[in-house]
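# Structure assessment
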Amino acid sequence: MILYNAKMNIKVKKATKLEIEAIKSLFLEHYPDGVTELDYTNIYELLISVMLSAQCTDKRVNIITPALFCIYPTSFELANANVDDIKLLINSCSFFNVKAENLIKMARSLVENFGGEVPLNQKDLMSLAGVGQKTANVVLSEYLGANCIAVDTHVFRVAHRLGLSDAATALKTEDELTKKFKTQLHLLHQAMVIFGRYHCKAINPQCGGCFLAHLCKSNGRFKV
Ligand code: SF4
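Residues numbered from 1 in each chain as written. Predicted model: local features only at pLDDT ≥ 70, side-chain atom pairs only at ≥ 80, totals over all residues. Heavy atoms only, no water.

### Side note on the domain arrangement of the chain
The domain architecture assigned to the chain consists of domain 1 (2-35 + 148-215) and domain 2 (43-144). Between domain 1 and domain 2, the residue contacts involve 12 residues of the former and 8 residues of the latter. Across the domain 1 to domain 2 interface the summed buried area is about 780 Å²; carbon plus sulfur atoms make up 53%. Summed over the three residues of domain 1 that lose the most area to domain 2, namely Cys-148, Ala-150 and Glu-174, the buried surface amounts to 42% of that side. Viewed at the interface, domain 2 and domain 1 are joined by 1 salt bridge. Residue Arg-197 pairs with Asp-58 through a salt bridge whose shortest N-O separation is 3.2 Å. On the surface where domain 1 and domain 2 come into contact, there are 4 residue pairs in polar contact (both at pLDDT 80 or more). If one sorts the elements of the side of domain 1 that touches domain 2 by residue count, helix H11 (residues 185-198) sits on top with 4 residues. (Domains from an automatic or database assignment. Contact = heavy atoms within 4.5 Å. Buried area = accessible area lost by both parts, 1.4 Å probe. Salt bridge = Lys/Arg side-chain N within 4 Å of Asp/Glu carboxyl O. Polar contact = N/O pair within 3.5 Å; in protein donor to acceptor, adjacent residues only side chain to side chain. Helix = DSSP H or I, 4+ residues; strand = E, 2+ residues; numbered from the N terminus.)

### So, the nonpolar core
If you look at the biggest cluster of nonpolar residues, it comprises 37 residues, and the most contacted ones within it are Leu-78, Ile-86 and Leu-103. The set of elements that each furnish at least two residues to this core consists of helix H2 (43-52), helix H3 (58-71), helix H4 (75-79), helix H5 (83-90), helix H6 (96-114) and helix H8 (133-144). With 8 residues, the top contributor of residues to this core is H2. Not counting residues up to four positions away in its chain, the partners in contact with Leu-78 are Tyr-44, Ile-48, Tyr-72, Ile-86, Leu-103, Ile-104, Met-106 and Ala-107. (Core = buried A, V, L, I, M, F, W, Y, C linked by side-chain atoms within 4.5 Å. Buried < 20%, exposed > 50% of the residue type's maximum accessible area, 1.4 Å probe, protein only.)

### A word on the site of the ligand
Around the ligand sit Arg-161, Leu-162, Phe-195, Cys-200, Gln-206, Cys-207, Cys-210, Ala-213, Cys-216 and Ser-218, and that is every residue in its neighbourhood. Residues that form the shell around the ligand fall into these classes: 7 nonpolar, 2 polar and 1 charged. (Near = heavy atom within 4 Å. Nonpolar A, V, L, I, M, F, W, Y, C, P; charged D, E, K, R; others polar.)

So this is what it looks like as structure tokens:
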């Protein structure tokens, strides 16, 4: 079946059920215990790191967070922070103005509604300022090993190149991947992030020797 991928402006073949199973097996074989590259020691730090990582590299976030966590070790300190002080600490991060405001609002909500603790379910997480479905899923997947997948730019690109999705949005892609992979989504999420970040890159993907080359639908055409 040929699908038209509007975002990539190219026609791609849809992966068959057998191919989906093969892709899943190969990802799990090559990335059996994937974990985030964000540095954190507890769920409060993980949540903040994931919030900061939107449109920003994990490497940059890991440079920013040690000072932030040192000065604001819990939601109680962060809830009382001055927004300009937070902006100063995170100003090398993209969208730092909005992120600084959201971090404080998020912390205030934790204090007011959750006793200062980060809730461990998607609905409550998504009630926090600056936390959407993707952020909530990354946190739950990483911290609890929850069976959910989050679609960032890497997962989106890899899913489309492999014919796993032709959806135009991240949320629809997440829905398709969830239905197709069904289980072990937390491992598959990390596998696709790492694979996309270091191998199936947006520009000049490392197609030579790629363990998924025989299943790839791009034929090297997705050099965007
Ligand atoms: S063959 Fe190239 S484009 Fe296809 S999955 Fe591998 S690295 Fe990505």
